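Chains, contacts and geometry: an overview
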Amino acid sequence: MIDKTSDRNDTKDDYPDGSNRPSRPGVLKIMQSILAGAFGVQSDKRRQEDFASHSPWPYIIAGVLFTVSFVVGLILIVQVVLAGQ
């Protein structure tokens, strides 16, 4: 019989120091978090998972890259629209 009342999270590993640190987030999870955060639709559960992750650097780097690409994309769109007038 499967015990469904267990509070153990399958995304955490046991480390020799006895701590349960969350596993490293994947690229897709980071991208989803960045996009959801940028558009203001990220759930509180997902935000807490992001802040509990191994390191903030993947999120910081992805956020900066997203912001730069978003601004460059807007500049290109404006240039194309203005060139067509």
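Refer to the structure above for everything that follows.
A few points on the structure. (Residues numbered from 1 in each chain as written. Predicted model: local features only at pLDDT ≥ 70, side-chain atom pairs only at ≥ 80, totals over all residues. Heavy atoms only, no water.)

1. Some details on the overall build of the chain
Counting secondary structure elements, the chain contains 3 helices and 2 strands. Reading the chain from its N terminus to its C terminus gives the helix and strand order β-β-α-α-α. With 85 residues in all, the chain has 13% of them scored as buried. Taking all contacts inside the chain whose residues are at least 6 apart in sequence as the whole, residues at least 24 apart take part in 44%. Per element, the accessible surface of the chain, about 7,200 Å² overall, is 64% carbon and sulfur. (Helix = DSSP H or I, 4+ residues; strand = E, 2+ residues; numbered from the N terminus. Buried < 20%, exposed > 50% of the residue type's maximum accessible area, 1.4 Å probe, protein only. Contact = heavy atoms within 4.5 Å. Areas by Shrake-Rupley, 256 points an atom, 1.4 Å probe, with all protein chains shown as cover.)

2. Overview of the environment of Y59
Position of Y59 relative to the elements: it lies in helix α3 (residues 57-83). On a C-alpha basis, the gap between Y59 and I34 in space is 7.2 Å, while along the polypeptide they are 25 residues apart. Setting aside its immediate chain neighbours within four residues, Y59 contacts P25, K29, I30, S33, I34, D50 and S53.

3. What to know about the pattern of salt bridges
Counted under the stated rule, the structure contains 2 salt bridges. For D44, the salt bridge identified is with R47, shortest N-O distance 2.5 Å. Of the two residues, D44 and R47 both sit in helix α2 (residues 44-51), 3 residues apart, roughly one turn of that helix. (Salt bridge = Lys/Arg side-chain N within 4 Å of Asp/Glu carboxyl O.)

4. Observations regarding a nonpolar patch on the surface
On the surface, a cluster of nonpolar side chains totalling about 770 Å² of accessible area is made up of W57, I60, I61, V64, L65, V68, V72 and L76. Residue placement: V72 occurs in helix α3. Residue V72 is classed as partly exposed on the basis of its relative accessible area of 43%. (Patch = residues over 30% accessible without salt bridge, like charges linked within 9 Å, V, L, I, M, F, W, Y side chains within 5 Å.)

5. Remarks on the packing of helix α1 (residues 27-39) against α3
Two elements in contact, α1 and α3, have axes separated by 10 Å at closest approach and are oriented at 55°. Taken together, α1 and α3 sit at an angle that is classed as oblique. The handedness of the crossing between α1 and α3 is right-handed. Of the residues in α3, those touching α1 at K29, I30, S33, I34, L35 and A38 are P58, Y59, A62, G63 and F66. Here the residues of the contact of α1 with α3 are counted per class, giving 8 nonpolar, 2 polar and 1 charged. (Axes fitted to C-alpha atoms, helices over the stretch in contact; angles between N-to-C directions. Parallel < 35°, antiparallel > 145°, perpendicular 65-115°, else oblique. Left-handed = near helix turned anticlockwise from the far one by under 90°. Nonpolar A, V, L, I, M, F, W, Y, C, P; charged D, E, K, R; others polar.)

The values are spatial; any link to function lies outside them.
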